[in-house]
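Here is how the chains run, residue by residue.
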Amino acid sequence: MTGLGAVFRPQLAPERLRAVARVADEVGLEELWLWEDCFREGGISTAAAALAWTERVRVGVGLLPVPLRNVALTAMEAATLHRMFPGRAVLGVGHGVQDWMGQVGARAESPLTLLREYLVALRALLGGERVTTEGRYVRLDDVALDWPPEQAVEVLAGATGPRSLRLAGEAADGTVLTANTPPDGVRRARRLIDEGRGAAGRTDAHKVVVYLLAATGPGARERLRNELVAEGVGDVPDLGAVGDAQAVADAVRRLADAGADTVILQPTGDEPDPEGFVRFAAERVRPLVGA
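Residues numbered from 1 in each chain as written. Predicted model: local features only at pLDDT ≥ 70, side-chain atom pairs only at ≥ 80, totals over all residues. Heavy atoms only, no water.

Draft legend 1. How the structure looks around the overall build of the protein chain. Helix and strand content of the protein chain: 10 helices and 11 strands. Whereas a compact globule of 291 residues would reach a radius of gyration of roughly 19 Å, the protein chain reaches 18 Å, a difference of no more than 12%. In terms of overall dimensions, the protein chain has a C-alpha envelope of 55 × 40 × 40 Å along the principal axes. Here the protein chain, with 291 residues, has 55% of them falling under the buried criterion. The contacts in the protein chain between residues at least 6 apart in sequence include a share of 75% that link residues at least 24 apart. Total accessible area computed for the protein chain in this model is approximately 12900 Å², and 49% of it derives from carbon and sulfur atoms. If you average the places of the 33 positive and of the 40 negative side-chain charges in the protein chain, the two averages end up 2 Å apart. (Helix = DSSP H or I, 4+ residues; strand = E, 2+ residues; numbered from the N terminus. Rg over C-alpha atoms; globule rule 2.2 N^0.38 Å. Buried < 20%, exposed > 50% of the residue type's maximum accessible area, 1.4 Å probe, protein only. Contact = heavy atoms within 4.5 Å. Areas by Shrake-Rupley, 256 points an atom, 1.4 Å probe, with all protein chains shown as cover. Lys, Arg positive; Asp, Glu negative; His and termini not counted. Charge placed at Lys NZ, Arg CZ, Asp CG, Glu CD.)

If you want it as structure tokens, here you go:
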């Protein structure tokens, strides 16, 4: 079964999250995803609130930018969420937007090295290990969590370029792909992820989560087009979905056929009805996606 979810875009004020999260829970949406975009809402604080306001929906954060966060702090916060809300938190980490990292004095000279060291340490800490490491960026001296998760948890990595995708396959439990990834891009990403998995000798499952920019209702086509153009991908074929539930479900299936395990519908930044978008995803698109 292809997983399906929706994004609460951080262009919305934080006080809007409660209503959207509760609707997601009520209508049976599988996953509600949040972003830690600079300089909007914090990823952990919004995830904790959304989880506390709901009973069953899984809440994802895609992504936490690793240059902003000491790995021990991320492990502590992730473990806390997993213990308080078992099986419902999904956390992804990534390089962060480099311009934003530069604005706050956190830009790494080698983002790939930082992400590699971070993933290894984070997964070890969440696995209950005691970690000592002296890397280029990640340095831990006899660090272990007092309250690690009680069961194994996934750590996802955001990736776009070939080296980052191979690293995700090697050192993460799953990969998050942006909405700028068409079906052919998902296939290429899967191949690169599998190269990394093979190099690391990994045979465990590796989940691929893909965002899908989607718009429905009045003005949908114009809103979708404007956002694609603003992102500089207006001429890339097979990006986004616009129209009724069938059109969106067809786009979801194309991504699933290309290798996506979970597709997260991403409304446009100017979506006029966020609660309605969540209802649309759960009540109208989900039944059409199928297995």
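Draft legend 2. Inspection of the pattern of salt bridges at higher detail. In the structure shown here, the tally under the stated rule is 24 salt bridges. Note that R69 is salt-bridged to E77, the shortest N-O span being 2.9 Å. With a relative accessible area of 24%, E77 lands in the partly exposed category. With its nearest N and O atoms 3.4 Å apart, the salt bridge here joins E154 to K207. With E154 in the loop between strand 6 (139-143) and strand 7 (155-158) and K207 in strand 9 (residues 207-215), this pair connects stretches of sequence that are 53 residues apart. K207 gets classed as buried once you look at its relative accessible area, which sits at 14%. (Salt bridge = Lys/Arg side-chain N within 4 Å of Asp/Glu carboxyl O.)

Draft legend 3. Layout of helix 6 (residues 162-171). Among the residues of helix 6, those classed as buried are S164, L165, L167, A168, G169 and A171. Here the buried face of helix 6 lies against helix 5 (111-126), strand 7, strand 8 (174-177) and helix 7 (183-200).

Draft legend 4. Representation of unusual backbone geometry within the structure. Geometrically, the link from C38 to F39 is a cis peptide bond, its omega value of 5° lying close to zero. By secondary structure assignment, the location of F39 is in the loop between strand 2 (31-34) and helix 2 (43-53). A cis amide bond links G62 to the next residue, L63, at an omega of 20°. You can see L63 is positioned in strand 3 (residues 58-65). With a phi close to 60°, D142 is a non-glycine residue in the positive phi region. Relative to the helices and strands, D142 resides in strand 6. Of note in the backbone geometry, D238 takes a positive phi value of approximately 65° without being a glycine. If you trace the backbone, D238 turns up in the loop between helix 8 (220-230) and strand 10 (241-242). Classification of D238 by relative accessible area gives exposed; the value is 59%.

Draft legend 5. Seen up close, the packing of aromatic side chains. Within the structure shown, the criterion is met by three aromatic pairs. The interplanar angle of 75° and the centroid separation of 5.7 Å between the aromatic rings of W35 and Y211 together place this pair among those described as edge-to-face. With W35 in the loop between strand 2 and helix 2 and Y211 in strand 9, the pair connects residues that are 176 residues apart, well separated along the chain. Between F277 and F280, the aromatic rings sit 6.4 Å apart at their centres with planes inclined by 45°, giving tilted as the arrangement. Linking F277 with F280, this pair stays in helix 10 (residues 274-289), spanning three residues, or about one helical turn. Exposure remark for F280: the relative accessible area of 5% places this residue in the buried category. By the ring-pair criterion, three or more aromatic residues cluster together here, those being W33, W35 and Y211. (Phe/Tyr/Trp six-rings, centres within 6.5 Å; stacked < 30°, edge-to-face > 60°.)

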